[in-house]
Amino acid sequence: MKNALIVAAMAILMPAIATAQSADAFTHVAGNVYYFQNGSYNSLVVVTEEGTLVVDPNGRTAEQLQNNLPSLTDQPVTHLIFSHSHGDHASGGDVYGDDVQAIAHSNAPATLGGVSLDAQFDQEHSFQLGKNTIELTYLGPGDEEDMIATVVRPENVVFLVDVAAPERMFYTSLGRNNVQGWYQQILTAEALEFDTFVPGHGRVGDHDDLTNVRLYMEELRADVLKGLQAGKSTNQLVEELTYPDRSHWQQYDTWRPSNVRGMARHLIKSGIVDY
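Procedures and definitions
Residues numbered from 1 in each chain as written. Predicted model: local features only at pLDDT ≥ 70, side-chain atom pairs only at ≥ 80, totals over all residues. Heavy atoms only, no water. Helix = DSSP H or I, 4+ residues; strand = E, 2+ residues; numbered from the N terminus. Buried < 20%, exposed > 50% of the residue type's maximum accessible area, 1.4 Å probe, protein only. Pairing = 2+ DSSP bridges. 1 Å grid on protein atoms, 1.4 Å probe; cavity = no way out; pocket = protein on both sides within 12 Å on 5 of 7 lines; lining within 4 Å. Points joined across faces, edges and corners; volume = space filled by probe spheres on them. Nonpolar A, V, L, I, M, F, W, Y, C, P; charged D, E, K, R; others polar. Core = buried A, V, L, I, M, F, W, Y, C linked by side-chain atoms within 4.5 Å. Contact = heavy atoms within 4.5 Å.

Caption draft 1: Unusual backbone geometry, seen in detail. With an omega dihedral of 15°, the bond running from Arg153 to Pro154 counts as a cis peptide bond. Not every positive phi belongs to a glycine, and Asp56 is a case in point at roughly 60°. Tracing the backbone shows Asp56 in the loop between β4 (51-55) and α2 (62-68). For Asp56, a relative accessible area of 0% corresponds to the buried category. Non-glycine residue Glu167 carries a positive phi angle of around 50°. Examined against the element boundaries, Glu167 turns out to sit in the loop between β13 (157-160) and α3 (179-190).

Here it is in structure tokens:
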């Protein structure tokens, strides 16, 4: 009886937002922060008493997220943030109507996801939504030229897209040629204060997961550079550099060979190694 009374009292005291943790299609992260997953894509959702924030309302997710939002809150989407301008993430904004405040980096186009941007910034930008502070940080040029990280406080949750993901290999051959810039993006994100790491793709992790991604890039660069300097071919390096301690990482079988090839291409084209 005593335990039942305690449980009942806790249920009364818990805020309405927190009771939505088990809402269908949304996964609770911490406090007011959730993410919505559609296939391999994650969108960050912050629910407050003054409105709802969605980060990366990509076209694969936007309409389904909007349709399921009443299961989580009665507050409409009032703010959209675009992490960068890649079409697979920067789409679907038009689903939420014309009254939302849309925000992205100053290098992004003035229109993203079918909506005109209301605010663009150069280095840092923050705003208050209900009891949450939203902090946006430009990560510099690298994997796209307009990439930003979103940190939600007081939950200390970071939403980081494409630059890194917990225990996930880098995308194919390291994307474009600015691998050094990509590395700097990781360092900039790693310097942010956060506890929980929600990626644009893959599982949720923590700050140590981002550090492990950075260590993998450093190890990959050092190993490929050493091999090229020893006169080994890229094909030889693909066969030799297997990283068995990361064999459990997502996309290991398909992207590990491409990671090696992409790093070799970067080191050769940038003139770091004479090959």
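Caption draft 2: Quick peek at the pairing of β13. On β13, burial covers both faces: Val157 and Phe159 on one face and Val158 and Leu160 on the other are all buried. Where strand β12 (residues 148-153) folds back on β13, the antiparallel hairpin that results is connected by 3 residues, among which Asn156 adopts a positive phi of roughly 60°.

Caption draft 3: Quick look at the pairing of strand β11 (residues 132-138). Across the 7 residues that make up β11, a large majority, 5, are buried. Relative to β11, strand β10 (residues 124-129) is paired through 6 bridges, and the arrangement is antiparallel. Bridging from a neighbouring strand, Gln128 pairs with Thr133 of β11. Hairpin remark: β10 followed by β11, antiparallel, with 2 residues in the connecting loop; positive phi at Gly130, about 60°. Where β11 and β12 come together, 6 bridges link them in antiparallel fashion. Pairing of Ile134 across the sheet is with Val152, part of β12.

Caption draft 4: Seen up close, the layout of surface pockets. What the largest pocket holds in volume is close to 410 Å³. Asp143, Asp162, Arg168, Tyr171 and His201 are the residues nearest the centre of the largest pocket, which is lined by 22 residues in total. Here the residues of the lining of the largest pocket sort into 9 nonpolar, 7 polar and 6 charged.

Caption draft 5: View of the sheet that holds β11. Read across the sheet, 6 strands follow the order β10-β11-β12-β13-β14-β15 without closing on themselves; strand pairing throughout is mixed. In this open sheet, the two edge strands, each paired with only one partner strand, are β10 and β15 (205-206). Here β13 runs beside strand β14 (residues 196-199); their pairing, made up of 4 bridges, is parallel. Counterpart to Val158 in the pairing with β14 is Phe197.

Caption draft 6: Spatial organisation of the nonpolar core. By size, the foremost hydrophobic cluster in this structure holds 39 residues, and its most contacted members are Leu160, Phe170, Ile186, Leu210, Met217, Val224 and Met263. No other element matches helix α4 (residues 207-229), which puts 8 residues into this core. Excluding its chain neighbours within four sequence positions, the residues that come into contact with Phe170 are Val163, Trp182, Ile186, Val213, Tyr216, Met217, Trp255 and Asn259.

Interpretation in functional terms is not warranted from these geometric data alone.
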